[in-house]
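Each chain is listed here by its residues.
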Amino acid sequence: SLVGSEMCIRDRGPLYVPENPSLKKWYGRDAMDRFTKDRVLVYWMTLDRAACCPAWQDFEKFYGWAIRNGYSREKVLVRLDPTKLMSPLTCKWSLP
């Protein structure tokens, strides 16, 4: 369960990134990469781990998939088959 500054604040939108010094370990060299990575991290932090495939338990693997498969700030993660684990085969990025 996420609390305090780690919680995604829903009334600011699904992509709001809270201020959190502990996120610095995920920062890349470029400011735009850092901004994108923080936004993907918010998605990853709000995923139900029990509903995710083993690979997506690791943020770096989820991030790599997200970037290679059409992530953009305008899109949301869509689960195509709710009866299966969330994975690269059952999810996609889509416009709301």
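Residues numbered from 1 in each chain as written. Predicted model: local features only at pLDDT ≥ 70, side-chain atom pairs only at ≥ 80, totals over all residues. Heavy atoms only, no water.

1. Observations regarding the environment of G64
Following the sequence through the fold, G64 ends up in helix α2 (residues 59–68). Note: C-alpha distance between G64 and V40 (24 residues apart in sequence) is 9.9 Å. (Helix = DSSP H or I, 4+ residues; strand = E, 2+ residues; numbered from the N terminus.)

2. Quick notes on the confidence of the model for the protein chain
On average, residues of the protein chain score 74 in pLDDT, and 64% of them reach the 70 mark or higher. A low-confidence stretch, residues 1–18 (pLDDT under 50), is modelled with 28 contacts involving residues beyond four sequence positions or located in other chains. Per-residue pLDDT stays below 50 along residues 22–29; that stretch engages in twelve contacts with residues further than four places along the chain or on separate chains. (pLDDT = per-residue confidence, 0-100. Contact = heavy atoms within 4.5 Å.)

3. Quick word on the environment of R68
With respect to the secondary-structure elements, R68 resides in helix α2. Reaching out from R68, the side chain makes a polar contact with the backbone oxygen of G64 at a distance of 3.0 Å. (Polar contact = N/O pair within 3.5 Å; in protein donor to acceptor, adjacent residues only side chain to side chain.)

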